[in-house]
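Structural description and commentary
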Amino acid sequence: MTPATTPETAPAHAPASAPVLDVRDLDVSFGDVPAVRGVSFEVRPGEVLGVVGESGSGKSVTASAIMGLLPSSARVSGSVRLHGRELVGARDKELNALRGRAMSMVFQDPLSALTPVYRVGDQIAEAVRVHQRVTKEQALVKAVSLLDLVGIPHPAERALAFPHEFSGGMRQRAMIAMAIANDPDLVICDEPTTALDVTIQAQVLEVLKKARDETGAAIIMITHDLGVVAGLADRVLVMYAGRPVEVGTVDDVYYRPRMPYTVGLLRSIPRVDRGAQRRLEPIEGSPPSPAALPPGCPFAPRCPLHVAACDEAEPPLFETGPGHLAACIRWEDEAASEAEAAEAEEAEKETQAPAEAEEAREAERAVEAAVPRGEPVLRVEGLVKDYPLLRGAVFKRRVGTVHAVAGISFAIREGETLGLVGESGCGKTTTLLEILELARPQRGRVVVFGHDTARLGPAERMAIRRDMQVVFQDPLASLDPRMTVHDVVAEPLRTHGLGDSGRRVAELLTLVGLAPEHAERYPQDFSGGQRQRIGIARALALEPRLLVLDEPVSALDVSIQAGVINLLASLKVRLGLSYLFVAHDLAVVRHIADRVAVMYLGRIAEIGAVDAVYDAPAHPYTQALLSAIPLPDPARERSRRRILLEGDLPSPAHPPSGCRFRTRCPKFRTVLTEDERVLCVEAEPDVLPVGEPAGDQGAACHYAEQLDVVQPRRNSR
Ligand code: SF4
Ligand code: SF4
């Protein structure tokens, strides 16, 4: 085994040109707490280096250290050379001359980087003028051409807008335009798409690829999402506990990972091309605190391959193949177990001929279809929710109406999980709040356990509240931080006059995978995943029949998220629960839900069994949504056909006539004839059955047509 300390990061296809950026032994600490430890890498012209890791892994601090943007309290040592010029210890004046010219940065929140009181075009022009000798007019012309390059429609007009007049996706494009304004050699993107909806993320990633091609700049793409870099990066650097633990070409890292942490990350990701047939494999425990790193390998407490020798010293990066490094003393065992797994998979495929496999799936489907479905526990019929649009600071006057939910219908049967998905502003949260309200809706009906919410008396409402519980994204955020875990879990029992026995609390904590002795601690002592488990224990205290889950795993790191998804899946079976699972992440929903309803601008675009909808979506919006979700599979990402949507979600105060999706519908724009389009413009489509034979799947499109956009590949790791 050869320890290697200077990871080369040249793309496999790139010429061996001199690196743009050369980082060596970079250390950053805040007081006594190390945030970045011994980071070394190079990036060459035109190369995209993906830096991936979970919260607290040190990836963003590394980016800020390169840009010289750390607060003065940070201690930085090591070397960061841009074209051979040392940046560590450089004076501010020197760094200012480089920032925006030779290197630039795209942040997660573009609002923090754009000045709200200046027009977008002026800000980009200013960025040009700081570094180039051009007139104001020339700079403005350049700003407009940059906005055009990043795909802003009507760029000359939009250059006059203020940042708040841009949507999130447009602001991020404007940031990219500003970042490439002076043809930099290096662009650092720090989670540039994390705050964006998936269809907008797909647009922004395309813009980044275009920017790289146009400028030839090297890109460092920092992200927690292994899907995002799979199709974009040439090389990947995985960080854990402040240091790189695996580096290699994107194919090596994704297909032949050698560090157990990388293996665990890849196995824990919910994938939109694989459903519940593949159980997620969470990584046990949580990342160590940088202030209290374990001796030896920092991944040891969570590592399935851990042996005593791992605790002796922190492993260096070993060369496991050409340009492929991993910080694990057992990387050869990992390689051997991978080979065994591949062999076992091959053998399984050989013993199960394709026809047999198809027969088996048919049989599974038949059994599934034969299972008697229970009565609906929740029925929503033609639900409508409008909000008045008000103007004026003191004297508010109504200037319009926001049609947040515009007539949706669905049902959840006993023991079933319905995933309600859609992007920001689609109306899913309003729908959830309307259901939780247990009151008469503005229009339509909500029927819970057979009771129409419009006709509930106080006693019935109280009983339903007991049977229908809710779990929020951070269920403990609204609670008094002085409450112990016991108090948090026991509170619903007390409220309903059931006492707060320690035994019941201990039972509930055990049920969600926590220890009974955790009851005396405080929620803030727990990690995100454990806090969510406490929230679930609290929701289960009254033995409900229906759980309403509002983005329950979206704030969790992927290795932790998998454990909570598995827990919810097993609780559903053990306790016979039904779930309404509201989420924006379609991959998570595929793993947990039996059926899915896709919302767009207050309406249901498509609904049906998850496998049917994901394998053969019939609505153009569902197709675009599914095709936009990146897969952590580089080869498939590179060859995948992506349906890009143009523009942003229209305002729910002014939905388009006819089909609400028509302003962004690729089919409307590129496939339909003039005559066919008339129907889309004039008539709002209802959800109608699709598929042969017509089953449970329905789509609200006049020209619905099933299409496989994810290309599922079964029985693979
Ligand atoms: S060095 Fe040991 S504990 Fe660390 S990743 Fe390798 S096997 Fe696991
Ligand atoms: S009805 Fe027309 S505009 Fe709407 S989704 Fe279908 S094809 Fe597109």
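Residues numbered from 1 in each chain as written. Chains lettered and ligands numbered in written order. Predicted model: local features only at pLDDT ≥ 70, side-chain atom pairs only at ≥ 80, totals over all residues. Heavy atoms only, no water.

Labelled according to an unreviewed UniProt entry, the protein appears under the name ABC transporter ATP-binding protein, originating from Nonomuraea montanisoli. What UniProt records for the protein under Sequence similarities (unreviewed entry) is the sentence "Belongs to the ABC transporter superfamily." (UniProt positions renumbered as here; feature names shortened; annotations may be inferred.)

Glancing now at the packing of aromatic side chains. Within this structure, the stated rule accounts for six aromatic pairs. With centroids separated by 4.4 Å and ring planes inclined at 50°, the aromatic side chains of Tyr 240 and Tyr 261 adopt a geometry described as tilted. Of this pair, Tyr 240 sits in strand 9 (residues 235-240) while Tyr 261 sits in helix 11 (residues 260-268), and the two are 21 residues apart along the sequence. What makes Tyr 240 buried here is its relative accessible area of 2%. Relative to Phe 299, the ring of Tyr 261 has its centre 5.3 Å away and its plane inclined at 65°; by these criteria the two rings are edge-to-face. Taken together, the residues Tyr 261 in helix 11 and Phe 299 in the loop between helix 11 and strand 11 (318-321) connect sequence positions 38 residues apart. Residue Tyr 261 shares its accessibility class with Phe 299, and that shared class is buried. (Phe/Tyr/Trp six-rings, centres within 6.5 Å; stacked < 30°, edge-to-face > 60°. Helix = DSSP H or I, 4+ residues; strand = E, 2+ residues; numbered from the N terminus. Buried < 20%, exposed > 50% of the residue type's maximum accessible area, 1.4 Å probe, protein only.)

Attention shifts here to the pairing of strand 4 (residues 74-82). Both strand 1 (residues 21-30) and strand 4 contribute to a ladder of eight bridges, which runs antiparallel. Paired with Leu 21 across the bridge in strand 4 is Leu 82. As paired elements, strand 4 and strand 5 (residues 85-86) share two bridges and run antiparallel to each other. Note on strand 5: the bridge partner recorded for Leu 82 is Arg 85. Connecting strand 4 to the next strand, strand 5, in antiparallel fashion are two residues, including His 83 with a positive phi near 50°. (Pairing = 2+ DSSP bridges.)

Our focus in this paragraph is unusual backbone geometry. Although it is not a glycine, Glu 191 sits at a positive phi angle of roughly 50°. Inspection of the secondary structure puts Glu 191 in the loop between strand 7 (186-190) and helix 8 (198-215). Non-glycine residue Leu 601 carries a positive phi angle of around 50°. With respect to the element layout, Leu 601 can be found in the loop between strand 21 (595-600) and strand 22 (603-609). By relative accessible area, which is 1% here, Leu 601 ends up buried.

On to the pattern of salt bridges. Side chains bearing opposite charge may pair, as long as their charged atoms lie close to each other. In this structure the tally under the stated criterion is 39 salt bridges. Here Lys 209 makes a salt bridge to Glu 206, at a shortest N to O gap of 3.4 Å. Of the two residues, Lys 209 and Glu 206 both sit in helix 8, three residues apart, roughly one turn of that helix. Judged by relative accessible area, Glu 206 falls into the partly exposed class, the value being 31%. Sharing partners across several salt bridges, the network here consists of Arg 379, Glu 381, Arg 445, Asp 452 and Arg 455. (Salt bridge = Lys/Arg side-chain N within 4 Å of Asp/Glu carboxyl O.)

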